[in-house]
Amino acid sequence: MEGAQEKPPEPSSTGPRPEERAGSAPGPEGSPPAETEPKKLCGYLSKLGGKGPMRGWKSRWFFYDERKCHLYYSRTAQDANPLDSIDLSGAVFDCKADAEEGTFEIKTPSRVITLKAASKQLMLYWLQQLQMKRWEFHSGPPVPPATPAGNEPALHLQLEQEEAELEEFLCPVKTPTGLVGVAAASQPVPTLPLALQNISLKHLGTEIQNTMCNIRGNKHAQGAGHRPQEEDSAQGGEPRREEQPTPPDPSTPGKEPEDSPKPTPKCSLTANLIQKAKRQNNTFPLFPEGLTWNRTSQEKVVALEQQVLTLTKELKSQKELVTLLHKALEAAQQEKRASSAYLAAAEDHERLELVRHQVRQIAALGRRVEALERERESLAQTASLQEEQVQELQRHVQLLMDKNQAKQQVICQLSEKVTWDFTHPPAPPAAPPEPADFLRQQEKVEHLKDDMEAYRTQNRFLNSEIHQITKIWRKAAEKERVLLIRCAYLQAKNCQLESKYLAGLRRLQEAVGDKASGCSELLRQLTQEALQWEASEAAAEDMGLSPISQYDEYGFLRVPDYEVEDLKLLAKIQALEVHSHHLLAHEAVERPLRERWAALGELAPSAELKQLLRAGVPREHRPRVWAWLVGRHVRALQAPGRYQELLRRGQAREHPAARQIELDLNRTFPSNKHFTCPTSGFPDKLRRVLLAFSWHDPTIGYCQGLNRLAAIALLVLDEEESAFWCLVAIVETIMPAEYYSKTLAASQVDQRVLQDLLLEKLPRLMAHLGQHHVDLSLITFNWFLVVFADSLISDILLRVWDAFLYEGSKVVFRYALAIFKYNEEAILRLQDGLEIYQYLRFFTRTISNSRKLASMAFHDMNPFSTKQLRQLRVAHRERLEAELRELERLKAEYLEARAGSGPGVPEGGASEDEGEA
């Protein structure tokens, strides 16, 4: 069936292709073949088409267009308009060994076209050339007519390499002389038994147009007057070089060009070409013209036209660049004028008017952001179309592989049968066989050999087709990956623009205050609109990008629901910055990291594993890695059935800490949907884990903070028993002894160690905090007790835990130092003790760049060793114990003095007279 009509692009005289080496088209009569003449892929083929009684083989002239990768066809080479075209960019080719000789198929996503060549050699030539044209189209942009000299060797080398790869499957077929190329247009049109059968009834309008064009061309040729061909042939072998022959009409192929009374100048030839193209409005290549025209003049005309088009495109791009530069200059001048006007304004209402102007500019920027978002969506649609095309190619490849396998099985069976016939001849009969039987057997063997050769040829071609389609699929997948990277980059830039817009709103709010009620109301309205979360998660997930969803992958709220409007704005800005950092680092950092984790295999302590854990574990590998890390710490403590035994003990009788555990369950991560949703099973799991631990370690029982440690373990490991052993590992092996005891002695020691390290690493910051009498232990004590569970956003928190479970408690010190270093300049700008305390309450959640924080923790802060940390802990532990002993001594002295003062001393430890004094 012939598809819808489509006109091909205007023909162009491109340079010779490296793959078209076998032969060249003949030049004008009497001249040698032009080696530099481009080889055209064209010729006559039979096409199976029609319906009902009109169905059958139809002779068609086929021509390949390199720029569109389309194969056009018409009834004859002289037709002005093509009947239809075949898109080869997504097509696959197939030839069947059991089909009629010379028959092959072109399968596109929408239809299957069956063609037949005059011979098997011609069929293989067409198939190889179509494969090469398809690969050339997919391997890069089409080569322009005037290829620069510097690009020719690279293109030649690339196509030579592709030819060499295809030769491994199927030997190259020589160009059939006279059956393809420009020379085939001068051959007589193949005729069919019924002339009407060759006419395309589906494209009857096109057939009528072509017929009218041919009639007009014949009348024009008769009116112009020509000499007989005998005169032309009797002129001798040497053609005239000083005269340019007049080009014949394309509708009269096969006729020799006749001399006109006067020579035609080059300018007249160019004008005739342009007028003829305009008059016919035809873009289909007419090859008979190329046989008789002066090729040098035609090439010059086409080359000049291509140069004009190239220069026009360059001029257009230069104009666009100048326009962009003008716009940038105008924007800079406007900003300069606005700043000058603001500084020069003498009254408040003038400045307010300038601020309103800035608000309008911000609204314009918002519209620009929306335009960028629409562009991103269009790119996403393009990427999805590419994905559909890739999937279609994959299906075609699978079909070809299935067919190839089936045919290989048939070949093997036939080979075994032939081998058996040769190696196990039948027993000699009593009487000699008849000559007729022997001839039939010999003929049968010859047929089998022919079938085997046909199947081998088909197998080689199908292997080459699978090889090339696989390469095309890989290139399409690479293009899709590039589009996704670009889309992620645009999304990251969009997040950055939105965060800057919100920061600008916040600064305007601080600058305006309550002085202008109208402007304040406008800013408040803009802020509320900006805080409304966009419902674009489904579209982003369809594109394969990580959307800015309300909750992260572990259920934590990305933008906490603060009551204060100012903090809401800050949280939204921080969430946008985190998402932007994640998108920009995905290809450069995240993807190689995931590949390294996927190739790691069996886990074992090593320097490489240490570096990978510091960089962060991907979400899909984190449960397995954490289970292995916990197992290293509790291998000596674990016992089969221990957790179930503790649960049964808790069911038998109530633990004294059960009431405190119930109170803390509702206070565990109020910003996580897994612990706030009424239908979630996480609170019940957490209750059982905490009760089991209280029975496991009676010296501690339950301490505030253990609920958050167990909750983090549950979110990652998801199993109660695994979370229980993770809590045991942290309390009993990773953290120092008495860290979670009633006195919290080891926790107090670590706070003093942190003070020493801050004095050593950040002396300016400590001097500033000492000047304003800020006690950092009020903030940092909870950091160490729950390993930052309440302080950092989930993405950074889990990266801290990745290294903490492997390297121990020194990671907590390193990240604590890095957090203060990350925000050092912001803290130094604060000059009030109360303001510093307020900032320290939430400043850890403003950290968005996890890579930068990890680099500070492990590299920039001149890291310390575990041995140094152990020495500091021992020294401060001795001081703390000495202080505690001194307190006990003072307490004992006080009690002795109180007991020796006699009964006259009241309960409060002082007489009434002393109390009045």
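Since this is a predicted model, take the numbers as computed values, not measurements.

Turning our attention to the pattern of salt bridges. If you walk through the whole model with that rule in mind, you get 33 salt bridges. Between Arg376 and Glu373 there is a salt bridge, with its nearest N and O atoms 1.6 Å apart. With Arg376 and Glu373 both in helix H8 (residues 348-423) and 3 residues apart, this pair spans about one turn of that helix. Just as Arg376 is buried, Glu373 falls in that class too. For Arg614, the salt bridge identified is with Glu807, shortest N-O distance 2.8 Å. You can see Arg614 sitting in helix H13 (residues 607-615) and its partner Glu807 sitting in helix H24 (residues 794-807), a full 193 residues away along the chain. Relative accessible area serves as the criterion here: at 12%, Arg614 is assigned to the buried category.

This part takes up the packing of helix H19 (residues 706-717) against helix H20 (residues 720-734). It is the contact of H19 with H20, at a shortest axis distance of 8 Å, that shows an interaxial angle of 135°. On the basis of the axis angle, H19 is oblique to H20. Of the two elements, H19 crosses H20, and the hand of that crossing is right-handed. Counting all contacts with H19, which are made through Leu706, Leu709, Ala710, Ala713, Leu714 and Leu717, the residues of H20 involved are Glu720, Ser722, Ala723, Cys726, Leu727, Ile730 and Val731. Each residue belonging to the contact of H19 with H20 can be placed in one class, and the counts come to 11 nonpolar, 1 polar and 1 charged.

A separate point is the confidence of the model for the protein. Per-residue confidence for the protein gives a mean pLDDT of 75; residues scoring 70 or more make up 68%. Note on residues 142-152: pLDDT under 50 across the span, and 12 contacts to partners over four residues away in sequence or across chains. Within the model, pLDDT remains below 50 along residues 276-293, and this stretch shows 51 contacts once partners closer than five positions in the same chain are excluded.

Compared with an ideal rise of 1.5 Å per residue, which puts 14 residues at 20 Å, H24 spans 20 Å between its outermost C-alpha atoms and is within 8% of the ideal. After H24 finishes, the residue Gly808 shows a positive phi value of roughly 100°.

Rules used in this analysis
- Residues numbered from 1 in each chain as written.
- Predicted model: local features only at pLDDT ≥ 70, side-chain atom pairs only at ≥ 80, totals over all residues.
- Heavy atoms only, no water.
- Salt bridge = Lys/Arg side-chain N within 4 Å of Asp/Glu carboxyl O.
- Helix = DSSP H or I, 4+ residues; strand = E, 2+ residues; numbered from the N terminus.
- Buried < 20%, exposed > 50% of the residue type's maximum accessible area, 1.4 Å probe, protein only.
- Axes fitted to C-alpha atoms, helices over the stretch in contact; angles between N-to-C directions.
- Parallel < 35°, antiparallel > 145°, perpendicular 65-115°, else oblique.
- Left-handed = near helix turned anticlockwise from the far one by under 90°.
- Contact = heavy atoms within 4.5 Å.
- Nonpolar A, V, L, I, M, F, W, Y, C, P; charged D, E, K, R; others polar.
- pLDDT = per-residue confidence, 0-100.
- Expected span 1.5 Å × (residues − 1).

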